[in-house]
Amino acid sequence: MMALSQDDMKRAVAQAAIAHVPTDCIVGVGTGSTANFFIDELAKIKGKIRGAVASSEASAKRLQGHGIEVVSLNDAGDIPVYVDGADEITRHMHMVKGGGGALTREKIVAAASKKFVCVCDASKLVDVLGKFPLPIEVIPMARSYIAREVVKLGGQPKLREGFTTDNGNVILDVHGLSIMNPVELETALNQLPGVVTNGLFARRGADVLLLGTPEGVKTLTA
């Protein structure tokens, strides 16, 4: 039997996520490589859904390219399910997200959704968050101040060069953290003036994790 590639695993979890999409609903859609596979799967059942709320301009374009109507969150109301990947996730369903820079919109759509289905391959499952640099979206004028505050918390912030978010802000990627209390750190960072949000999804974690493994898709729940 041929070994499954990372893309094969991502495709398998994207297919599995379709089972979590109710008929005649507006679906929340994340951003990134695994979310892209999910969008491609969603296209196959587009007649059964009313549309989608996208967490980034890139995802909106891909959805529209498939002929799926993109609805603004303000018009969508409550969303039954949000499907997105993660850069890291623990068995407690706490995540680090934002490697693609869409963390703020992802967090907003996740918060507005009844169920968060996380789709990722087995390499993303970790015991402790922090190996993947934690992104923080900041208002540009607050960049240096936030960087100094992050150093006090034990992190090493690095500006994501040449990158602007869909909201017109910058991202500090924080290296060197071992995040033992993700809920506390998420709250502390979000209280710093100038932080739009950070990539810890702990207060609102995933409800279901569909994990792509060489043995097939494993389902973990909170």
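In the block above lies the structure referred to throughout.
Draft legend 1. Examining the pattern of salt bridges more closely. A complete count under the given rule lists 13 salt bridges for this structure. We note a salt bridge from Lys 114 to Asp 78, for which the minimum N-O separation is 3.9 Å. Remark: Asp 78 occurs in the loop between helix 4 (73-76) and strand 3 (79-84) and Lys 114 occurs in strand 6 (residues 113-121); sequence separation between them is 36 residues. Between Glu 106 and Lys 97 there is a salt bridge whose closest N-O contact spans 3.3 Å. The pair Glu 106 / Lys 97 is uniform in exposure class, with both members buried.

Draft legend 2. Looking closely at helix 7 (residues 182-190). Residues of helix 7 that are buried: Pro 182, Leu 185, Glu 186 and Leu 189. Along helix 7, the residues classed as buried sweep out an arc of 100° about the axis, all on the same side. On its buried face, helix 7 sits against helix 5 (103-111), strand 7 (134-138), helix 6 (143-152), strand 10 (195-198) and strand 11 (200-201).

Draft legend 3. How the structure looks around the sheet that holds strand 9 (residues 170-175). The sheet built from four strands is open, its strands ordered 8-9-7-10 with antiparallel pairing. Both outer strands of the open sheet, strand 8 (156-159) and strand 10, are each paired with one neighbouring strand and no more. Direction aside, the axes of adjacent strands within the sheet are offset by 30° on average. Sitting on the sheet, helix 6 touches strand 7, strand 8, strand 9 and strand 10, and the angle it makes with strand 9 is about 15°.

Draft legend 4. Representation of the sheet that holds strand 13 (residues 216-221). What the six strands build is an open sheet, ordered 2-1-3-6-12-13; its pairing is mixed. Of all strands in the sheet, those with a lone pairing partner are strand 2 (51-54) and strand 13, marking the two edges. Geometrically, the sheet is characterised by an average inter-axis angle of 25° between neighbouring strands, direction not taken into account. When strand 12 (residues 208-213) meets strand 13, the two strands line up antiparallel, connected through six bridges. Considered in strand 13, the bridge of Val 208 is made with Thr 221.

Parameters and conventions
- Residues numbered from 1 in each chain as written.
- Predicted model: local features only at pLDDT ≥ 70, side-chain atom pairs only at ≥ 80, totals over all residues.
- Heavy atoms only, no water.
- Salt bridge = Lys/Arg side-chain N within 4 Å of Asp/Glu carboxyl O.
- Helix = DSSP H or I, 4+ residues; strand = E, 2+ residues; numbered from the N terminus.
- Buried < 20%, exposed > 50% of the residue type's maximum accessible area, 1.4 Å probe, protein only.
- Arc of directions from axis to C-beta.
- Contact = heavy atoms within 4.5 Å.
- Pairing = 2+ DSSP bridges.
- Axes fitted to C-alpha atoms, helices over the stretch in contact; angles between N-to-C directions.

Purely geometric stuff here, so don't read any function into it on its own.
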